[in-house]
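# Architecture at a glance
These are the residues of each chain, in order.
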Amino acid sequence: MHNLTIAEIIAKLRAKEFSSTEITQHFLKRIETLDPQYNSFITVTKEQALAQAKAADKRLVKGNAPALCGVPIAHKDIFCTNGVKTSCGSKMLDNFIPPYDATVVENYAKQHAVILGKTNMDEFAMGSSNETSYYGPVKNPWAVDCVPGGSSGGSAACVAARLAPGATATDTGGSIRQPASLCGLTGIKPTYGRVSRWGMIAFASSLDQGGVLTRTAEDAAIMLNVMASFDDKDSTCVDHELSDYTATLQDSIAGMTIGIPDEYFSEGLDPRTQELVEQAIKQYEKLGAATKRISLPHSHLAVPAYYVIAPAECSANLSRFDGVRYGYRCEDPKDLEDLYTRSRGEAFGDEVKRRILVGAYALSAGYYDAYYSKAQKVRRLIKQDFVNAFNEVDLIIGPTCPSPAFKFGAKGDDPVAMYLEDIYTIATNLAGLPALSIPCGLADGKPVGLQLIGNYFQEGRLLNAAHQFQTETDFHTLSPEGI
Amino acid sequence: MELKTIENLAKLARIHINDETLAETAKSITEVLALVGQLQAADTDNIQPMAHPLDAVQRLREDVVTETDQHASFQAIAPATENNLYLVPKVIG
């Protein structure tokens, strides 16, 4: 039952092959028995899930139930859930029970989807290995001595281990696509503003975007159909016409032009990854797409620009955690200053502190122009590279990550080495473009991801191209040994 | 980066850093600043800074009340409250 895709679960619930309660119980049982070895959940909402499943079963009997009615999924622990702890992977919010639901959570609730629990993540979504979580690292189901990627490591690991058929996630610099790549999944980050950020705990507000992790492009389309919405409560949400992403999955991609950026196949790319990505490109040619070499000349500046802009926004966003209104408060503060500094000093982990300090530095008087303003200008150059490229091509293709999953601690002492993990994913966040990762093979038994980048609001075309690839290949059907 | 600079930054950001970890923090922040220093070589003459990927502008809404009073549920999760107020250590001596 756990190997079914979301599309199959939807069909079988309607054909009454099993009930929502039965499949929910099945996944809850798997989480209980198997998750201790992966640590992909921070909170399992068993009672609530069973109640939701029971209610969904009644609706399914009545007929006319929404698509995801009764389908069990998991939420990344960054989305606020009314009455259910939302930690964002931090000691700071270990005791935080939000009094409201995020819009994304509300969107799935309206569908009567069943929520199995909240997934583990890097603290405040800052990390590419899930090693910065206050709740301990998540293990990659493909190789338990390796990281699952991050920051949405828990969402990725639980879907890869078949503990949930799909999960919500967020992507600020690669936090959906990189774990998708490392765990052999399909993961899509939509256009900036496509998904509401209301109730999604903010890291870098001009880059953060919600998306999904699933096993297939079809499932991603089904989940994104529900997640995407215009929301007045998020002032940066874009009021752009909504599409049915499942409607265009079957379209032929013959005649499509796919750009291959030279900069994404340079030094630092693992040769096995390169070989698998090149084979995938050949598959696209077989499907009738034309390929074309292109250049994104400012690519090398994406990581440096990101590590000014993201920390700057993070230092502003995380100033809300003051030990006064909610979250962690230190013991016996001697004065207000002591309350602030010790609450934050004791509850934030090293990487979060590092980014707040870097951000505070980049925004401080005398450095603002040299760092922040400079990075915002480079951001425009990076966006312009993509605008120019999309005058010539429909999609851009390349690797998602420089190499497959690495071992725990491998990049432990070197923040910059960890930052370079997102070298191919960060530019699209800076430009605000949609992008996805799909599996394109195994290197030494570990998954390798193929990245597709689309023009603004072209999620449908991206999912179409991903689905066509999955129609001709079976990489997305592979599962970790023993699962 | 000098330790004094880190101490000052930590004070500005209201984050207590232990003396034992100060040197390590300074070292890693220096590495990050070396990475972002690569930006200086970019030619950005006549380029406007970009704050929003779609260059969107702030939306306006009707000036009507949309939020109801929820102080009870908001304060229920606060570390310390009294008489509907958030409690902090004494500020005025």
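Report on the accompanying structure. This structure is a prediction, so every number in the text was calculated from the model and none was measured. (Residues numbered from 1 in each chain as written. Chains lettered and ligands numbered in written order. Predicted model: local features only at pLDDT ≥ 70, side-chain atom pairs only at ≥ 80, totals over all residues. Heavy atoms only, no water.)

## Some remarks on the pairing of strand E6 (residues 209-214) of chain A
All names here are of chain A. The criterion, for reference: Buried, partly exposed and exposed residues are distinguished by accessible area as a fraction of the type maximum, computed with a 1.4 Å probe on protein chains only: under 20%, between the cut-offs, and over 50%, respectively. The way it works is that DSSP assigns letters per residue, a run of H or I at least four long becomes a helix, a run of E at least two long becomes a strand, and they are numbered from the N terminus. Between any two strands, at least two bridges found by DSSP are needed for them to pair.
Burial analysis of E6 places six of its six residues in the buried class, the great majority of the element. Two elements, strand E4 (residues 166-171) and E6, share six bridges in a ladder whose sense is antiparallel. Of the residues in E6, the one forming a bridge with Asp171 is Gln209. Sheet topology note: the strand E5 (residues 186-189)/E6 ladder contains three bridges and is antiparallel.

## What to know about the packing of aromatic side chains
Residue and element names in this part refer to chain A. Keep this limit in mind: Classification of ring pairs uses Phe, Tyr and Trp, with its six-membered ring standing for Trp, and accepts pairs whose centres are within 6.5 Å; under 30 degrees between planes counts as stacked, over 60 as edge-to-face, and the remaining range as tilted. Only Lys NZ and Arg CZ are tested; either one counts as a charge over a ring when it is within 6 Å of the ring centre and within 35 degrees of the ring normal.
This model, assessed by the stated rule, comprises 16 aromatic pairs over all chains. For the ring pair Tyr284 and Phe469, a centre distance of 5.4 Å and an interplane angle of 15° mean the geometry is stacked. Remark: Phe469 occurs in helix H15 (residues 459-472) and Tyr284 occurs in helix H8 (residues 271-286); sequence separation between them is 185 residues. The pair Tyr284 / Phe469 is uniform in exposure class, with both members buried. Put simply, the rings of Phe96, Phe124, Phe321, Tyr326 and Phe348 pair up and form one aromatic cluster. The aromatic ring of Phe406 is capped on one face by Lys411, whose charged end is 4.4 Å from the ring centroid.

## Details of the interface of chain B and chain A
Rules: In what follows, a contact means two residues having at least one pair of non-hydrogen atoms within 4.5 Å. In this description, buried area is defined as the sum, over both parts, of the accessible area (probe of 1.4 Å) that is lost when the two are combined. Each salt bridge in this description consists of a side-chain nitrogen of Lys or Arg and a carboxyl oxygen of Asp or Glu lying within 4 Å of one another. Pairs of N or O atoms within 3.5 Å make up the polar contacts considered here, provided that, within protein, one atom can donate a hydrogen while the other can accept it, and that residues adjacent in sequence are counted only when both atoms are side-chain atoms. Each residue receives one of three labels: charged for Asp, Glu, Lys and Arg, nonpolar for Ala, Val, Leu, Ile, Met, Phe, Trp, Tyr, Cys and Pro, and polar for the others, Gly being one of them.
On the side of chain A, 66 residues touch chain B, which itself brings 46 residues to the contact. Across the chain B to chain A interface the summed buried area is about 5,000 Å²; carbon plus sulfur atoms make up 69%. A per-residue breakdown of the area chain B buries against chain A is headed by Leu39, Met50 and Arg59 of chain B, which together make up 15% of the total. In this assembly, chain B and chain A are joined by two salt bridges. Where Arg59 of chain B meets Asp232 of chain A, a salt bridge forms, and the shortest distance between an N and an O atom there is 3.8 Å. Linking chain B to chain A there are 15 residue pairs in polar contact (both at pLDDT 80 or more). Taken together, the elements giving at least two residues each to the side of chain B that touches chain A come down to helix H1 (3-12), helix H2 (19-36) and helix H3 (71-75) of chain B. The element that contributes the greatest number of residues to the side of chain B that touches chain A is H2 of chain B, accounting for eight residues. When grouped by side-chain class, the residues that make up the side of chain B that touches chain A number 29 nonpolar, 11 polar and six charged.

## A word on unusual backbone geometry
In the segment running from Gly150 of chain A into Ser151 of chain A, the intervening peptide bond is cis, with an omega of 10°. Turning to its location among the elements, Ser151 of chain A is positioned in the loop between strand E3 (114-119) and helix H5 (153-160). A positive phi angle, near 60°, is found at Asn46 of chain B, a position not held by glycine. Here Asn46 of chain B is to be found in the loop between H2 and H3. By relative accessible area, Asn46 of chain B is classed as exposed at 80%. A positive phi angle, near 65°, is found at Asn84 of chain B, a position not held by glycine. Note on placement: Asn84 of chain B falls in the loop between strand E1 (81-82) and strand E2 (85-86).

## What about the packing of helix H9 (residues 302-317) of chain A against helix H11 (residues 350-363) of chain A?
Working note: a packed helix pair is described by the angle between its axes plus the distance between those axes. All names here are of chain A. Put simply, the test is: For helices, the fitted line uses only the C-alpha atoms of the stretch in contact; every axis is such a line through C-alpha atoms, and the angle between N-to-C directions lies from 0 to 180 degrees. Small angles under 35 degrees read as roughly parallel and large ones over 145 as roughly antiparallel, with 65 to 115 read as roughly perpendicular and the rest as oblique.
Running from N to C, H9 and H11 cross one another at 100°; their axes reach a closest spacing of 7 Å. For the element pair H9 / H11, the angle class is roughly perpendicular. For the pair formed by H9 and H11, the contact residues are Tyr307, Val308, Pro311, Ala312, Cys314 and Ser315 on the first element and Arg355, Ile356, Val358, Gly359, Ala360, Ala362 and Leu363 on the second. Tallied by class, the residues present in the contact of H9 with H11 amount to 10 nonpolar, two polar and one charged.

## Brief notes about the environment of Val44 of chain A
Turning to its location among the elements, Val44 of chain A is positioned in strand E1 (residues 41-44). Considering only alpha carbons, one finds Val44 of chain A and Ile97 of chain A, 53 residues apart in sequence, at a separation of 14 Å.

## Side note on a nonpolar patch on the surface
Put simply, the rule is: Exposure above 30% relative accessible area and the absence of a salt bridge qualify a residue for a patch, where like charges join within 9 Å and nonpolar side chains (Val, Leu, Ile, Met, Phe, Trp, Tyr) within 5 Å. Each accessible area is a Shrake-Rupley estimate made with a 1.4 Å probe; only the visible protein chains count as cover when residues are assessed.
On the surface, Val88, Val91 and Ile92 of chain B cluster together into a nonpolar patch covering about 290 Å² of accessible area. On the secondary structure map, Val91 of chain B appears in the segment after E2.

## Thoughts on the packing of H11 of chain A against H1 of chain B
One can describe the packing of H11 of chain A onto H1 of chain B by two numbers: an axis separation of 9 Å at closest approach and a directional angle of 95°. In terms of axis orientation, H11 of chain A runs roughly perpendicular to H1 of chain B. Each of Leu357, Ala360 and Tyr361 of chain A in H11 of chain A lies in contact with H1 of chain B, whose residues at this interface are Thr5, Leu9 and Ala10 of chain B. For the contact of H11 of chain A with H1 of chain B, a count of residues per class yields five nonpolar, one polar and no charged.

## Section: the pattern of salt bridges
Residues and elements named next belong to chain A. One pass over the structure, following the stated rule, counts 21 salt bridges over all chains. Between Arg354 and Glu351 there is a salt bridge whose closest N-O contact spans 2.6 Å. Of this pair, Arg354 and Glu351 both sit in helix H11, three residues apart, roughly one helical turn. The residues Arg354 and Glu351 share a single accessibility class, namely buried. Among the ionic contacts, a cluster of salt bridges with common partners joins Asp270, Arg272 and Asp444.

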